[in-house]
Amino acid sequence: MNFSHPLMAPVVELALQAGEAILPFWRTGTAVTTKADDSPVTAADLAAHHLILAGLTALDPSIPVLSEEDANIPRSVRAGWQRWWLVDPLDGTKEFISGSEEFTVNIALIEQGRVVFGVVSMPTNGRFYVGGAGWGAWRGDRGEAPLPIQVREVPPAGAPFTVVASRRHSSPEQERLLAGLSASLGELELANIGSSLKFCLLAEGAADCYPRLAPTSQWDTAAAQGVLEGAGGEVLELSGAPFSYPARESLLNEFFLALPAKAAWREKLLELARS
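Residues numbered from 1 in each chain as written. Predicted model: local features only at pLDDT ≥ 70, side-chain atom pairs only at ≥ 80, totals over all residues. Heavy atoms only, no water.

For the protein, an unreviewed UniProt entry supplies the name 3'(2'),5'-bisphosphate nucleotidase CysQ and the organism Pseudomonas mohnii. Per UniProt, the protein carries the Catalytic activity (unreviewed entry) text "adenosine 3',5'-bisphosphate + H2O = AMP + phosphate". In its Subcellular location (unreviewed entry) section, the UniProt record describing the protein reads: "Cell inner membrane". (UniProt positions renumbered as here; feature names shortened; annotations may be inferred.)

Set out below in structure tokens:
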């Protein structure tokens, strides 16, 4: 695999290996425990975490790793990081537990709070997405040559405006935004899908917009944001500022909007999100 950033290919391979470590637990089932924030964790999460941590450390021991399964790192330490990995070893644990295939492995390289590139892999079928702003974006399947992907600025002729929504998470603010979009752009089609695959639908031109006015954590979004930005998309705060990953005390994200960077309806979306 030849990608534009020198670390992309080894990180894709690492994400695919983590998926292979997860699969046996998905096929046979695994015990579920609850973390301090009431979110579920399984042996599969931990197996993938340890594999990724070892692999990234072997790639470059000077780059620290912030993983969902090892996130208790003080802000005072993280504030000194200039470059780091942001990892969700198993994004979509609830989908994984329910037997759905909509869970992913997410690995992103961050510099100065901005995503350099990200890799999202799907353990159940060996598919992966990789990309970063200025580097391009690709979708691939294990054993096949990856293909470039790109956002669509408008839906195909006759196709509805498609908004990606979370299967499990919404909010009154998000419902108001969807109602406003429908009033401005016509009837919407909602594409419900789990984990970071929501961004990937936009990146490959299968959907138009992903507003998220409900909670997420930094490791939920960074890798797929890299893919979307490489494909010509962007992720914005509701203020319109680029979405970034500063060393805040909390690892929860602000609300965001994911969309094609050159969308004609960009300003309308921001207006609706602020109202």
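Text resumes after the structure shown.
A look at the overall build of the protein
Scanning the protein from terminus to terminus reveals 8 helices and 14 strands. Relative to the 2.2 N^0.38 estimate, which gives 19 Å for 275 residues, the radius of gyration of the protein is 18 Å and therefore close to what a compact globule would have. Its C-alpha atoms give the protein principal-axis dimensions of roughly 50 × 40 × 40 Å. Here the protein holds 275 residues, and the buried ones make up 53% of them. Residue pairs at least 24 apart in sequence account for 64% of intrachain contacts in the protein once pairs closer than 6 positions are excluded. Counting every atom, the protein has about 11600 Å² of accessible surface; 53% of that belongs to carbon and sulfur. When the 21 basic and 32 acidic side-chain charges of the protein are each reduced to a single mean position, those positions are 3 Å apart. (Helix = DSSP H or I, 4+ residues; strand = E, 2+ residues; numbered from the N terminus. Rg over C-alpha atoms; globule rule 2.2 N^0.38 Å. Buried < 20%, exposed > 50% of the residue type's maximum accessible area, 1.4 Å probe, protein only. Contact = heavy atoms within 4.5 Å. Areas by Shrake-Rupley, 256 points an atom, 1.4 Å probe, with all protein chains shown as cover. Lys, Arg positive; Asp, Glu negative; His and termini not counted. Charge placed at Lys NZ, Arg CZ, Asp CG, Glu CD.)

A short note on the sheet that holds strand β3 (residues 65–67)
What links the strands of a sheet is backbone hydrogen bonding, and the strands pair in either a parallel or an antiparallel sense. Read across the open sheet, the 7 strands follow the order β3-β4-β5-β6-β7-β8-β9; overall the sheet is mixed. Two strands lie at the open edges of the sheet, namely β3 and β9 (147–148), each paired on one side alone. Relative to strand β4 (residues 83–91), β3 is paired through 3 bridges, and the arrangement is parallel. When the sheet's bridge partners are listed, S67 is paired in β4 with V87. (Pairing = 2+ DSSP bridges.)

Observations concerning the UniProt feature "binding site: Mg(2+) 2" (unreviewed entry) in the protein
The positions that UniProt labels "binding site: Mg(2+) 2" (unreviewed entry) are, in the present scheme, D88, D91 and D220. The named residues occupy 133 residues along the chain; their greatest pairwise C-alpha distance, 6.6 Å, places them in one compact cluster. A residue is classified by how much of its surface remains accessible, and D91, at 7% relative accessible area, is buried. Beyond its immediate chain neighbours, meaning those up to four positions away, D91 contacts E102, F103, T104, N106, S195, S196 and D220. Within the structure, D91 has its side chain in polar contact with the side chain of N106 (distance 3.2 Å). (Polar contact = N/O pair within 3.5 Å; in protein donor to acceptor, adjacent residues only side chain to side chain.)

As for empty space enclosed by the protein
According to the stated counting rule, one finds 1 cavity of 30 Å³ or more in the structure shown. Space inside the largest cavity adds up to approximately 40 Å³. Taken together, L66, R78, W81, W84, Q218, Y245, P246 and A247 make up the full set of residues lining the largest cavity. (1 Å grid on protein atoms, 1.4 Å probe; cavity = no way out; pocket = protein on both sides within 12 Å on 5 of 7 lines; lining within 4 Å. Points joined across faces, edges and corners; volume = space filled by probe spheres on them.)

Quick notes on the nonpolar core
Core analysis: the biggest nonpolar cluster contains 38 residues, and L86, I110, F199 and L228 have the highest contact counts within it. For this core, the elements supplying multiple residues, two or more each, are β4, β5 (104–111), β6 (114–122), α6 (197–203), α7 (218–230) and β14 (256–260). Not counting residues within four places of it along the chain, the set of residues in contact with F199 comprises Y210, T221, A224, Q225, L228, V235, F256 and A258. One finds V65, L90, F96 and F103 within the second-largest nonpolar core, a separate group that totals 30 residues. (Core = buried A, V, L, I, M, F, W, Y, C linked by side-chain atoms within 4.5 Å.)

As for the UniProt feature "binding site: Mg(2+) 1" (unreviewed entry) in the protein
Look at the UniProt record and you will see "binding site: Mg(2+) 1" (unreviewed entry) annotated at E68, D88 and L90. Sequence-wise these annotated residues cover 23 residues; spatially they are packed, their C-alpha atoms never more than 8.8 Å apart. Along the polypeptide, E68 turns up in the loop between β3 and α3 (75–78). Judged by relative accessible area, which is 1%, D88 ranks as buried. If near-sequence neighbours (up to four positions away) are discounted, D88 is found in contact with E68, T104, V105, N106, W219 and D220.

With respect to the side chain of S121
Mapped onto the fold, S121 is located in strand β6. Those residues in contact with S121 that lie beyond four places of it in its chain are A15, L16, F103, T104, V105, R127 and F128.

Let's talk about the packing of helix α1 (residues 8–28) against helix α2 (residues 43–59)
Relative to each other, α1 and α2 sit at 155°, their axes nearing to 9 Å. Viewed along their axes, α1 and α2 adopt a mutual orientation that is roughly antiparallel. Of the two possible hands of crossing, α1 and α2 adopt the one that is right-handed. Counted together, P10, V11, L14, Q17, A18, A21, I22 and F25 of α1 and A43, A44, A47, A48, L51, I52, G55, L56 and L59 of α2 form the full contact between these two elements. Looking at the contact of α1 with α2, its residues break down into 15 nonpolar, 2 polar and no charged. (Axes fitted to C-alpha atoms, helices over the stretch in contact; angles between N-to-C directions. Parallel < 35°, antiparallel > 145°, perpendicular 65-115°, else oblique. Left-handed = near helix turned anticlockwise from the far one by under 90°. Nonpolar A, V, L, I, M, F, W, Y, C, P; charged D, E, K, R; others polar.)

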